[in-house]
Amino acid sequence: MDKPNRIAQVYGYAVCLVAIVVALITITSIVNSAFERANPLESGSTFGPSLTSFEAYQATYRQTPTTAGTTAAADTMPEAALRARYDALASDRAAAVRYRTAKEMTTNGILLLVACALFLFHWSWARRLHAAASGA
């Protein structure tokens, strides 16, 4: 009867190992999401104009790619309109980052709780099996 007990112990410890790996990965993802949430204008895509500051936006918004064979029209947009466009884009990006990071942190937080619960249950179960096998 020693062999079934060993298989159960290996199973229990394997689940514990997987739970630890999942916990480490989700903790990393939660930390990344926290950094993105703290600096929403610095996260996101690298394409398009920079939204880290108005000056950066002003310097990069003209660099948007045009379709092949067309020339970019001369920009005559006044600074007030450009600032309004920047404010709209910046608030849109901040809102999108807040939503995405809240979703990621919630999902990963639940996954972390499940991994911890699985680890604690299987660890105690495997230890009981080991103690029963040692005492028997």
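Quick note: structure is the one above.
Quick caveat: nothing in here was measured; it's all calculated off a predicted structure.

Caption draft 1: A look at the overall build of the protein. Looking only at helices and strands, one finds three helices and zero strands in the protein. For the protein, the sequential pattern of α-helices and β-strands runs α-α-α. Here the protein holds 136 residues, and the buried ones make up 24% of them. The contacts in the protein between residues at least 6 apart in sequence include a share of 80% that link residues at least 24 apart. Total accessible area on the protein stands at roughly 9,400 Å², and carbon and sulfur atoms take up 67% of it.

Caption draft 2: Highlighting the packing of aromatic side chains. Taken as a whole, this structure holds four aromatic pairs when the rule is applied. Here Tyr11 and Trp125 contribute two aromatic rings whose centre-to-centre distance is 5.9 Å and whose plane-to-plane angle is 80 degrees, an arrangement assigned as edge-to-face. Within this pair, whereas Tyr11 is found in helix α1 (residues 2-38), its partner Trp125 is found in helix α3 (residues 79-135), the two being separated by 114 residues in sequence. Judged by its relative accessible area of 45%, Tyr11 falls in the partly exposed class. Residue classification places Trp125 among the partly exposed residues on the basis of a relative accessible area of 24%.

Caption draft 3: The environment of Leu82, seen in detail. With respect to the helices and strands, the residue Leu82 is situated in helix α3. On the basis of relative accessible area, Leu82 is assigned to the buried category, the value being 2%. Separated by 21 residues in sequence, Leu82 and Tyr61 have C-alpha atoms that sit 9.4 Å apart. Discounting chain neighbours no more than four positions away, the residues touching Leu82 are Phe54, Tyr57, Gln58, Tyr61 and Met77.

Caption draft 4: Structural view of the environment of Leu51. The residue Leu51 is located in the loop between α1 and α2 (54-60) in this model. Look past the residues within four positions of Leu51 in its chain and what remains in contact with it is Leu41, Tyr57, Tyr86, Leu89, Ala90 and Arg93.

Caption draft 5: Representation of a nonpolar patch on the surface. A cluster of nonpolar side chains, contributed by Leu17, Val21 and Ile25, occupies part of the molecular surface with about 290 Å² of accessible area. As for its position among the elements, Leu17 is in helix α1.

Parameters and conventions
Residues numbered from 1 in each chain as written. Predicted model: local features only at pLDDT ≥ 70, side-chain atom pairs only at ≥ 80, totals over all residues. Heavy atoms only, no water. Helix = DSSP H or I, 4+ residues; strand = E, 2+ residues; numbered from the N terminus. Buried < 20%, exposed > 50% of the residue type's maximum accessible area, 1.4 Å probe, protein only. Contact = heavy atoms within 4.5 Å. Areas by Shrake-Rupley, 256 points an atom, 1.4 Å probe, with all protein chains shown as cover. Phe/Tyr/Trp six-rings, centres within 6.5 Å; stacked < 30°, edge-to-face > 60°. Patch = residues over 30% accessible without salt bridge, like charges linked within 9 Å, V, L, I, M, F, W, Y side chains within 5 Å. Salt bridge = Lys/Arg side-chain N within 4 Å of Asp/Glu carboxyl O.

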